[in-house]
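So you can see what is in the structure, the chains are spelled out below.
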Amino acid sequence: MSTIGQLQSGFLLLHGANGVGKSSTVQYLARTYAGGNRIPIYAAWTGKLGEERYPLNVFLTQIINEIDSIYETNILAIIEDESKSLLRKFTKTIEIAAQRAADNGHKLIVVVDAADEAVKQYDERSKKRLKHEDLFIDILFEFKLPDNCVFVISTRTENLEILNAQVNITKV
């Protein structure tokens, strides 16, 4: 948690071997950070066939709505929104929430647990579907996060490369 405190904003990549406790660590973070302030967690590893977690619209909709429930941004999304609209809403949502978090003396933290599993789902399943769906992880690292906003991304160390994270990321 001290690493999060040192970051003004950006991506924190939490990686380790299978079963080492990455998901447990992010759950602990969610329970204990900043005196119980809620943290949205996107569980990228869930999703049976037909309920995939890799599509951009699914990711953005959940994060926008969870952040609204915590920070009352008055921005809501539905999965049927067009990608451009969702991306605008996402940007505005994290800007508002990061400022409100700062006003309350903490950071906006958003967790994406098992991001590598979403990439694997995409690789396995998107080839079998007629509809092309954007993979959220490809777009996530392109965002310039506002000050006071940290995204914690967990992945297996052996899968770091499939995330294609080409930005300045802090790895722990």
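Given the structure is predicted, the values throughout are model-derived calculations rather than measurements.

(A) View of the overall build of the chain. Each helix and strand counted, the chain has six helices and five strands in total. Relative to its 172 residues, the chain shows a buried fraction of 49%. Restricting the contact set of the chain to residue pairs at least 6 apart, pairs at least 24 apart contribute 76%. Only carbon and sulfur atoms are counted for the fraction: they give 48% of the accessible area of the chain, which is about 9000 Å².

(B) Fine view of the nonpolar core. Counting residues in each nonpolar core, the largest one holds 41 residues, and the members touching the most others are Phe59, Val112 and Phe151. For this core, the element with the highest residue contribution is helix α3 (residues 56-71), accounting for eight residues. Leu14, Val26, Tyr33 and Val150 belong to the second-largest nonpolar core, a separate cluster that totals 14 residues.

(C) Quick peek at the packing of aromatic side chains. In total, this model carries nine aromatic pairs according to the counting rule given. Aromatic side chains Tyr54 and Tyr122 sit 5.3 Å apart centroid to centroid with 80 degrees between the ring planes, which places their arrangement in the edge-to-face category. Of this pair, Tyr54 sits in the loop between β2 (41-43) and α3 while Tyr122 sits in helix α5 (residues 115-125), and the two are 68 residues apart along the sequence. As far as burial versus exposure is concerned, Tyr54 and Tyr122 are alike and both buried. With centroids separated by 4.5 Å and ring planes inclined at 10 degrees, the aromatic side chains of Phe59 and Phe136 adopt a geometry described as stacked. Of this pair, Phe59 sits in helix α3 while Phe136 is found in helix α6 (residues 136-140), placing the two residues 77 residues apart along the sequence. Comparing Phe59 with Phe136 shows no difference in burial state: the two are buried.

(D) Highlighting unusual backbone geometry. Within the chain, Ala114 stands out as a residue other than glycine whose phi angle is a positive 60 degrees. Mapping Ala114 onto the fold places it in the loop between β3 (108-113) and α5. Within the chain, Asn148 stands out as a residue other than glycine whose phi angle is a positive 75 degrees. Residue placement: Asn148 occurs in the loop between α6 and β4 (149-156).

(E) Main features of the confidence of the model for the chain. When pLDDT is averaged across the chain, the result is 84; 85% of the residues are at 70 or more. Model confidence for the chain, summarised as mean pLDDT per element, is weakest for strand β5 (residues 169-171) at 65 and strongest for helix α4 (residues 83-103) at 95.

Criteria and thresholds
- Residues numbered from 1 in each chain as written.
- Predicted model: local features only at pLDDT ≥ 70, side-chain atom pairs only at ≥ 80, totals over all residues.
- Heavy atoms only, no water.
- Helix = DSSP H or I, 4+ residues; strand = E, 2+ residues; numbered from the N terminus.
- Buried < 20%, exposed > 50% of the residue type's maximum accessible area, 1.4 Å probe, protein only.
- Contact = heavy atoms within 4.5 Å.
- Areas by Shrake-Rupley, 256 points an atom, 1.4 Å probe, with all protein chains shown as cover.
- Core = buried A, V, L, I, M, F, W, Y, C linked by side-chain atoms within 4.5 Å.
- Phe/Tyr/Trp six-rings, centres within 6.5 Å; stacked < 30°, edge-to-face > 60°.
- pLDDT = per-residue confidence, 0-100.

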